[in-house]
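Overview (structure and organization)
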Amino acid sequence: MRFYDRNTEIEELRRIQKLAFEDYSKMTIITGRRRIGKTSLADKVCEDTPTVYLFVAKKAEALLCADFIEAINTSLGIYVPSDVTSFPAIFRMLLNESRDKRFNVIIDEFQNFIKINPSIYSEMQNIWDKLRKQSHINLIVCGSAYSLMHKIFEDEKEPLFGRQDNTLHLSTFPIDTLKEIYADYYPEYTHEDLLALYSFTGGVPKYVELFMDNRIFTKDAMIDFMIRRDSYFIGEGKNLLVEEFGKDYAIYFSILGAISSGTNTQSDIESLIGVGIGGNIKRLVEDYNIIARETPFGSKPATKTIRYVICDNFLTFWFRYIHRKQAVVEIGNFPLLRKIVSDDYTTFTGRTLEMYFRQKMKDSMDYQAIGTWWDPSDKENQCEIDIVCIDALNASKAYAWEIKRNPDKFNRKQLLFKVERLKGKVLKKCDVIPGFLSMDDM
């Protein structure tokens, strides 16, 4: 699949590269979940200028340095003695070489140095502070372990705190990019196909690429491709998260499994799994950025009416079906698992259709606030509006949207009743316009 999107990020990275080459060395951090395209973006920006790519594999520092020396000799033509076994020594040589030369250095999976030799960060800090203004390296540091990268660069107690010139956090492809990709690869796609692509991948570039490069374009083909023996996707959830969570991954997996299946309040999750999870929930939100707190639109910041949602569509899918049905996976009964996914598909994508339209509204920049609203006093959860948003230019103008896969299930009278409740409790000074969206509006 060709390179898509990231125009804003490319423009910023090229701006910084120009400054590094003309003035003095700059450091940029690119973060984001695994498979989001950090390395591809860095490669794209650096493709026409001298560049060395250094991947921090989990091996002894001496062995890692041997790999780095070969890469530097090959890519930059810079001689580094083969007996150098310290990364800080290599880093110092690169900065010294760039006094007269201009080149890019991409360090991928930068957080892995923590497990190889944590003192590398303090030594890098010392070298960078001394030599950066006499050198011309465009240093791009990539990392996918969100919690570790945040700690390395955002914790004021850490040596590299504040050393970056900019930080780019990559998000998933926007809706319009998914449509552009489909237009290039499969122009006859249906709304169902588009919803399936969004629901299964969430716009993560690697997953979209796997479907496109394997000519997997339709909803049914996607399910068959994902749910089969030796599928890339079967082990993907575990591969993504075990390193983040470490030895405590089991409790986090239990929490995410519960949320993916609709158990979304802390008390209900604790009742389901039988242990207190307050600290784990906090870390999933603040340290790992995997789940988000959802409160009724317009509620006060201190509200205790909170439910939790997984921020990542693929992880929602993986925990709902792969993790939850691990016994079926273990015995290799993939026909049964495909049937489970297919039978539940309409229910699953009913929720992701709401997320689709919410994302589409965010991408449009037409609104200053977007959320969902439910009446906390309604214990049966019947009084809920899927999307509530405030106009970007007129704060007294709001919209209340009901989302249904099937237009025949829309009840306008019921929506009008909910809107009156919303106005009475939250948006008393707003003109609230009711609306309805279905798959026909994608």
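For the structure, check the block above.
The notes below deal with the structure included here. (Residues numbered from 1 in each chain as written. Predicted model: local features only at pLDDT ≥ 70, side-chain atom pairs only at ≥ 80, totals over all residues. Heavy atoms only, no water.)

Some details on the overall build of the protein chain
- Scanning the protein chain from terminus to terminus reveals 19 helices and 11 strands.
- Taken over the C-alpha trace, the protein chain has a radius of gyration of 24 Å; the compact-globule value for 442 residues is 22 Å, and the two agree within 12%.
- Projected onto the principal axes, the alpha-carbon positions of the protein chain cover approximately 75 × 55 × 50 Å.
- Residues counted as buried form 49% of the 442 residues belonging to the protein chain.
- The long-range fraction of contacts in the protein chain, counting pairs at least 24 apart against all pairs at least 6 apart in sequence, stands at 69%.
- Total accessible area on the protein chain is roughly 20700 Å²; 48% of this is exposed by carbon and sulfur atoms. (Helix = DSSP H or I, 4+ residues; strand = E, 2+ residues; numbered from the N terminus. Rg over C-alpha atoms; globule rule 2.2 N^0.38 Å. Buried < 20%, exposed > 50% of the residue type's maximum accessible area, 1.4 Å probe, protein only. Contact = heavy atoms within 4.5 Å. Areas by Shrake-Rupley, 256 points an atom, 1.4 Å probe, with all protein chains shown as cover.)

Regarding the side chain of T31
- Turning to its location among the elements, T31 is positioned in strand β1 (residues 26-31).
- There is a polar contact of 2.9 Å between the side chain of T31 and the side chain of H169.
- Beyond its immediate sequence surroundings of up to four residues, T31 is in contact with K38, G143, M149, L168, H169 and L170. (Polar contact = N/O pair within 3.5 Å; in protein donor to acceptor, adjacent residues only side chain to side chain.)

Description of the nonpolar core
- With 73 residues, the main nonpolar core has F200, F211, I291 and F317 as its most contacted residues.
- It is helix α18 (residues 334-364) that provides the largest number of residues to this core, a total of nine residues.
- Those residues in contact with F200 that sit more than four places away from it in its chain are F211, K219, M222, I223, M226, F314, F317, Y345 and F348.
- Listed in part, the 40 residues of the second largest apolar core include V56, A57, I72 and V80. (Core = buried A, V, L, I, M, F, W, Y, C linked by side-chain atoms within 4.5 Å.)

Let's talk about unusual backbone geometry
- Its identity is not glycine, yet E109 carries a phi of approximately 55°, on the positive side.
- Along the polypeptide, E109 turns up in the loop between β3 (103-108) and α5 (113-116).
- Take E109: its relative accessible area is 10%, and that puts it in the buried class.
- If you check the backbone angles, N289 has positive phi at about 60° while not being a glycine.
- Counting through the fold element by element, N289 comes out in the loop between α15 (278-286) and β6 (291-294).
- The class for N289 is partly exposed, based on a relative accessible area of 37%.

Quick notes on the packing of helix α13 (residues 249-260) against helix α16 (residues 313-323)
- It is the contact of α13 with α16, at a shortest axis distance of 8 Å, that shows an interaxial angle of 95°. For the element pair α13 / α16, the angle class is roughly perpendicular. Along its contact with α13, which presents F253, L256, G257 and S260, the element α16 presents T316, W318, F319, R320 and H323.
- Among the residues making up the contact of α13 with α16, the classes are represented as four nonpolar, four polar and one charged. (Axes fitted to C-alpha atoms, helices over the stretch in contact; angles between N-to-C directions. Parallel < 35°, antiparallel > 145°, perpendicular 65-115°, else oblique. Nonpolar A, V, L, I, M, F, W, Y, C, P; charged D, E, K, R; others polar.)

Concerning the packing of aromatic side chains
- Here the structure, examined in full by the defined rule, presents 38 aromatic pairs.
- Between F200 and F317, the ring centres sit 5.2 Å apart and the planes meet at 65°, which makes this aromatic pair edge-to-face. Here the residue F200 occupies a position in helix α9 (residues 191-201), and F317 occupies one in helix α16, the gap between them amounting to 117 residues.
- Seen in terms of ring centroids, Y249 and F253 are 5.2 Å apart; in terms of plane orientation they differ by 75°. Their pairing is edge-to-face. In this pair, Y249 and F253 are both assigned in helix α13, four residues apart and thus about one turn of the helix distant.
- The exposure class of Y249 is partly exposed, given its relative accessible area of 30%.
- Of the aromatic side chains, those joined through ring pairs into one cluster are F200, Y207, F211, F225, Y232, F233, F314, F317, Y321, Y345 and F348.
- Stacked on the ring of Y24, the Lys or Arg K26 has its end atom at 4.1 Å from the ring centre.
- Above the ring of W374, the side-chain terminus of R307 is found at 3.7 Å from the ring centroid. (Phe/Tyr/Trp six-rings, centres within 6.5 Å; stacked < 30°, edge-to-face > 60°. Lys NZ or Arg CZ within 6 Å of the ring centre and 35° of its normal.)

Geometric descriptors of this kind do not, in isolation, establish any biological role.
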